[in-house]
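What follows is the residue order along each chain.
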Amino acid sequence: MKKMTIAAAMTALFAAQAAHAQSSLTIYGIADVGLVGESGGSAGNVTRITSGPASSSRIGFKGSEDLGSGASAFFILENGYSIDTGTLASANVLFNRQSLVGLRSSAGTLTLGRQTTPYHNALVSVADPFGTGYAGTIKNAFPDWGTNARSSNTIMYAMPESNGVSGDIAYSPGEQAGDATAGRQIGASLGYSAGPLNLRLAYNGRNGDTVAAAGTPAVTRGTGSNKLFAANYEVGIVRMYFAVGVDKGYNSAPLGNTSNPYGGAAPTASTDGREVLIGIAARISQGTLMASVMRKDDRTAYNQDASTWGVGYVHPLSKRTALYVAYGSIRNRNGAGYTVANNSEAGTGDRAYNLGLRHTF
């Protein structure tokens, strides 16, 4: 009887310890596929089934462990895939979207690994009524490609929100031997939220230098930077959006489609530009109507400006499933090469539509 009592006590003790250090694992994702039609490019009209016009299709794994005293450890592994073909979104890269581990406490959150940049997060959550998706995406004019959107080998700290104020800072070393500056990337944002108002300032800067290797000379390009101010404000059923961006330096505003989609003289990516967006998102019946207009002002000698507009509607069939339709149009000037993109593709022309179905799990 005594042995049974001791065994029961030991069992209770281990159960209490396990409850204190609880762990969790969640599998989540998005399955998004749509009919995309594009026109205006030199290759002619194209119609195709595309994965992720609204939100890139993905599968992710996230878990956390309670460390006690309000602290926890967590990880995120997120892979993008093409639901139309079943292939990886990035060749030979398993977790192309996110792969990070971090610590969270009352002092803030520290993460290490491949992550979205503070600049990209500001575009998604504050600046764009389309959330960087659909044919009306902010990516049609604002630079949100490559390392502007995600950075590898990154350390990021996010402060705890206090009285509506939030902020984060990210650093990615260039990892080039002999030069601590070459290739490094720095990002930061500062936000404020109060009731219907959201404000965000964001910065992204990446050094384009390379160090000398065997048979290769060093290259000095300096740092390309992106500065962003974004705001949205809700009045009744309408949320109004405003954003302005300033880009300066090498590779600060890479073109989404770099294959000269309109033929003739190849367009030149701007190294000195401005962008502005005005948009709305309105609750219409059960769904959401989205619209925006944007202007790209290239201040280089090429003066390759563009203006763009987009409109879309999302109709929920359930809490996790929705139908959507969207249309976008761009007017390029002086040989500019901007194309109507969506969340997963850069696009091939100056006009495009999306008809799709998205399911989250």
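A short tour of the structure in this document, coming up. If you're wondering where the values come from, they're calculated on a predicted model, not measured in any experiment.

The subject of this paragraph is the pattern of salt bridges. In this structure the tally under the stated criterion is 12 salt bridges. Arg48 is the partner of Glu345 in a salt bridge, and the nearest nitrogen-oxygen pair spans 3.1 Å. Taken together, the residues span a long stretch of sequence, with Glu345 in the loop between β17 (321-332) and β18 (351-360) and Arg48 in strand β2 (residues 46-51) at a distance of 297 residues. Classification of Arg48 by relative accessible area gives partly exposed; the value is 23%. Close ionic contact of Asp297 with Arg299 constitutes a salt bridge, the shortest N to O distance being 3.0 Å.

Looking now at the packing of aromatic side chains. Enumeration according to the criterion identifies 3 aromatic pairs in this entry. Seen in terms of ring centroids, Tyr134 and Tyr324 are 5.2 Å apart; in terms of plane orientation they differ by 80°. Their pairing is edge-to-face. Of the two residues, Tyr134 is situated in the loop between α2 (118-127) and β8 (150-158) and Tyr324 in strand β17; the sequence distance between them amounts to 190 residues. Exposure class is identical for Tyr134 and Tyr324. Each is buried. Seen from their ring centres, Trp309 and Tyr327 are 5.5 Å apart, and the 45° between their planes marks the pair as tilted.

Time to look at the pairing of strand β4 (residues 71-82). As paired strands, strand β3 (residues 58-68) and β4 are joined by 10 bridges and run antiparallel to one another. Bridge pairing in β4 links Ile59 to Asn79. In sequence, β3 turns back onto β4 through a hairpin of 2 residues, with Ser69 there showing a positive phi of about 60°. The pairing of β4 with strand β6 (residues 98-105) spans 7 bridges and is antiparallel. Its bridge partner lying in β6, Glu78 is registered against Gln98. Across 2 bridges, β4 lies against strand β5 (residues 87-88) in antiparallel orientation. For Tyr81, the partnering residue across the bridge sits in β5 and is Leu88. Counting the residues in the hairpin turn of β4 and β5 gives 4 residues, including Gly86, whose phi is positive at 80°.

Cut-offs applied
- Residues numbered from 1 in each chain as written.
- Predicted model: local features only at pLDDT ≥ 70, side-chain atom pairs only at ≥ 80, totals over all residues.
- Heavy atoms only, no water.
- Salt bridge = Lys/Arg side-chain N within 4 Å of Asp/Glu carboxyl O.
- Helix = DSSP H or I, 4+ residues; strand = E, 2+ residues; numbered from the N terminus.
- Buried < 20%, exposed > 50% of the residue type's maximum accessible area, 1.4 Å probe, protein only.
- Phe/Tyr/Trp six-rings, centres within 6.5 Å; stacked < 30°, edge-to-face > 60°.
- Pairing = 2+ DSSP bridges.

Read these as layout, nothing more, since geometry by itself doesn't imply function.
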